[in-house]
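Topology and contacts: notes
Here is what each chain is made of, one letter per residue.
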Amino acid sequence: MSEILQPHIRLSSKNAAKYALLPGDPGRVTRIADYLKNVKELSHNREYYCISGTYRGIEVMAVSTGIGGPSTGIAVEELSKIGVKTLIRIGSCGALQSDLKKGDLIIASGAVRDEGTSRAYISTAYPAIPDTDVLFALIESARRLGYPFRYGLIRSHDSFYVDEEDEIDDFWRNKGILGADMESAALFVIGGLRGLKTGSVLNVITEYRGDLKEDINQYAEREDMSMEGERREILTALEAFVRIDRMNP
Ligand SMILES: O=P(O)(O)O[C@H]1O[C@H](CO)[C@@H](O)[C@H]1O
Ligand SMILES: O=c1cc[nH]c(=O)[nH]1
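These lines cover the structure that appears in this document, whether it is placed above or below. (Residues numbered from 1 in each chain as written. Chains lettered and ligands numbered in written order. Predicted model: local features only at pLDDT ≥ 70, side-chain atom pairs only at ≥ 80, totals over all residues.)

Surrounding ligand 1, one finds Pro 23, Gly 24, Asp 25, Ile 67, Gly 91, Ser 92, Asp 181, Met 182, Glu 183 and Ile 216. Residues that form the shell around ligand 1 fall into these classes: four nonpolar, three polar and three charged. (Near = placed C-beta within 6 Å. Nonpolar A, V, L, I, M, F, W, Y, C, P; charged D, E, K, R; others polar.)

Structure below.
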């Protein structure tokens, strides 16, 4: 555990909690604060906005990762250095299956490693999977809260605006992949290599063959079911921390 100030998240072991929520968007950190008590603003540097607080008596942090594997990898490494042990991504994603609707949750049981960051660490023979306790805790929490969700494989990618994105989506859809994000694979692989417990719960903000740009604009403007999905994923992850903490107090 390092007392040295980490250069990107600008935190040291003095700031660490056992549990961290990892949204991509710094704006989501501000909204997470509404679910916590004793909220403290810890740091804000580049894409990393970091707060701490308590949820049902448990100390948690929320740290934004920015978009994509590289900035997520930096956050995960630096959080690990200061002593954070359990990290759950709460992200937005695009659905690849037609039964998934806006505001539904996808709990990732593994990620296709179609991005560069995890490959910079180790060959794709190494699996991108969450910690089993975290996965089960997320599933149980979503079930108890009564939220619509599916669990299964997702795809993490670096290719938001490539010309062939529809064809790529169709390829993975036909392999049964539920949705697409840009960070979960890096989180799972780096977390696995560093001995961390990781998980990922994603809010469907655009349906299969939906209007991606329009839907992301709606999310940025905090409209419709995407905000309800965000509320659901935050509570699912916080309740998962409570379950995990009961198992390993
Ligand atoms: O909403 P966040 O958590 O950033 O997640 C998704 O949104 C971004 C793209 O709009 C990517 O980071 C993708 O993974
Ligand atoms: O389609 C989408 C939507 C959000 N994030 C992604 O990575 N893909």
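As a further point, take the site of ligand 2. The immediate surroundings of ligand 2 are formed by Ser 92, Cys 93, Gly 94, Ala 180, Asp 181, Met 182, Thr 206 and Leu 212. Elements with a minimum of two residues in the shell around ligand 2: strand E5 (86–95) and strand E8 (179–181). Here the element with the most residues in the shell around ligand 2 is E5; it accounts for three residues. In terms of residue class, the shell around ligand 2 is built from four nonpolar, three polar and one charged. (Helix = DSSP H or I, 4+ residues; strand = E, 2+ residues; numbered from the N terminus.)

Of note, the phi angle at Asn 38 is positive, near 50 degrees, even though the residue is not glycine. Within the secondary structure, Asn 38 sits in strand E2 (residues 37–45). In this structure Asn 38 comes out as exposed when scored by C-beta crowding, with 9 C-beta atoms within 10 Å. (Buried ≥ 20, exposed ≤ 12 C-beta atoms within 10 Å, placed from the backbone.)

Turning our eyes to something else, we now look at the environment of Arg 143. The topology assignment puts Arg 143 in helix H4 (residues 132–145). The class for Arg 143 is exposed, based on 11 C-beta atoms found within 10 Å. Here the alpha-carbon distance between Arg 143 and Glu 115, two residues 28 residues apart in the chain, equals 31 Å.

So, on to the packing of helix H2 (residues 69–82) against helix H6 (residues 184–193). For any two helices packed against each other, one specifies the inter-axial angle together with the distance between the axes. Remark: H2 packs on H6, axes separated minimally by 9 Å, with the N-to-C direction vectors making an angle of 35 degrees. Judged by the sense of rotation from one axis to the other, the crossing of H2 with H6 is right-handed. Counting all contacts with H2, which are made through Gly 69, Thr 72, Gly 73, Val 76 and Glu 77, the residues of H6 involved are Ala 186, Leu 187, Ile 190 and Gly 191. Here the contact of H2 with H6 is composed, by residue class, of four nonpolar, four polar and one charged. (Axes fitted to C-alpha atoms, helices over the stretch in contact; angles between N-to-C directions. Left-handed = near helix turned anticlockwise from the far one by under 90°. Contact = placed C-beta atoms within 7 Å.)

Take it as geometry only, folks, not as evidence of what the structure does.
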